[in-house]
Amino acid sequence: MNNKSFFPWGRLLKMTVILAAVMTNAAFAGGESWPKEVSLGYQKYGPLIILKSTGELEKRLQEKGGTVKWAEFQFGPPMLEALNVGSLDFAVTGETPPVFAQAAKGSPLTYVANEPASPQGEGLVVKADSNIKTVADLKGKKIAAAKGSNSHFFLIQALAKAGLTLDDISFISLAPADARAALERGDVDAWSIWDYFYAAAEIQLGVRTLTNGEGIVNNYAFYTSRRDFVEKYPELIAVVLEEVRKTDLWVKNNPAEAAEKLAANIGVDAKIVEKALRRSEYGPQPLKPEVITAQQKIADTLLGIKLLPKPVKVEEAVWHPKDK
């Protein structure tokens, strides 16, 4: 796939309302436009890995004498730990990791945009031959999830809907690959997980879904940075989001081709990736009040069950570039 076929929408995208709002003179006042290097954190799935493969962001920064450094993470919490300590400038994760990251002492985490809700992209699954038929049947069972991830919160909410809490189950904190292996061996009874791992478990393992995220969680994806970075380089943030938006639009309009491209990077069958892509929503946008409210609900819920060390106010970490 050449660059010409990959980005036929550039002129239209540059005129979108979101970027017109970000790329105002007021937004750039007082800040340097371009750093010498920007470090981006990504996971082995999603638009950022495609953007990485195209080199388009590198081209944009080269025009200003800058370079791009990419850092891969298996899931969100360690990525945002790196962001908090200044090892990353920009990251994308699910909805729960930013809440935990914001609760860290002196956290500079700043929300810059979010992808639309994709609740079908999370699942609470069991093996096909399991005698567990409903979420309520999980009482007293071992359930795996990555601690601090969006699927951790999804599990909490799915249990609550069934009248259960984390105290009613045995929570096993495992990274996705380890959790999958544990489910296969029978070491855990269920697994709470997100795409593409969810789609892979459905197709490769034939797992049975007790529930997905519909009616339980939003499953937003959030683009985050550091407060000092966004204030110093607002134009760069605008360019990164512009390139992500281009990639998102291409993925949305070409899911089969995007799946082939992603599958080559992930090392799984393209059918798995395509299934995940088709139940995702695309297009980074500024955080709207309802998104901030939903994110605050996550923070309050985690605080209420003593998983969050202190209260956080999500609004305080949201970037409002038009106010600059």
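Residues numbered from 1 in each chain as written. Predicted model: local features only at pLDDT ≥ 70, side-chain atom pairs only at ≥ 80, totals over all residues. Heavy atoms only, no water.

Examining the pattern of salt bridges
Next up, step 1: Applying the stated criterion across every chain yields a total of 13 salt bridges.
Next up, step 2: Close ionic contact of R60 with E243 constitutes a salt bridge, the shortest N to O distance being 2.6 Å. Taken together, the residues span a long stretch of sequence, with R60 in helix α6 (residues 56–62) and E243 in helix α13 (residues 234–253) at a distance of 183 residues.
Next up, step 3: Residue class for R60 comes out buried when judged on its relative accessible area of 18%.
Next up, step 4: What makes E243 buried here is its relative accessible area of 0%.
Next up, step 5: The partner of D89 in a salt bridge is R226, and the shortest N-O contact between them spans 2.7 Å. Here R226 lies in strand β10 (residues 221–226) and D89 lies in the loop between α7 (76–84) and β3 (90–94), a separation of 137 residues in the sequence. There is no split in this pair, since D89 and R226 are both buried.
Next up, step 6: A single network of salt bridges, built from pairs that share partners, joins R60, E242, E243 and K246. (Salt bridge = Lys/Arg side-chain N within 4 Å of Asp/Glu carboxyl O. Helix = DSSP H or I, 4+ residues; strand = E, 2+ residues; numbered from the N terminus. Buried < 20%, exposed > 50% of the residue type's maximum accessible area, 1.4 Å probe, protein only.)

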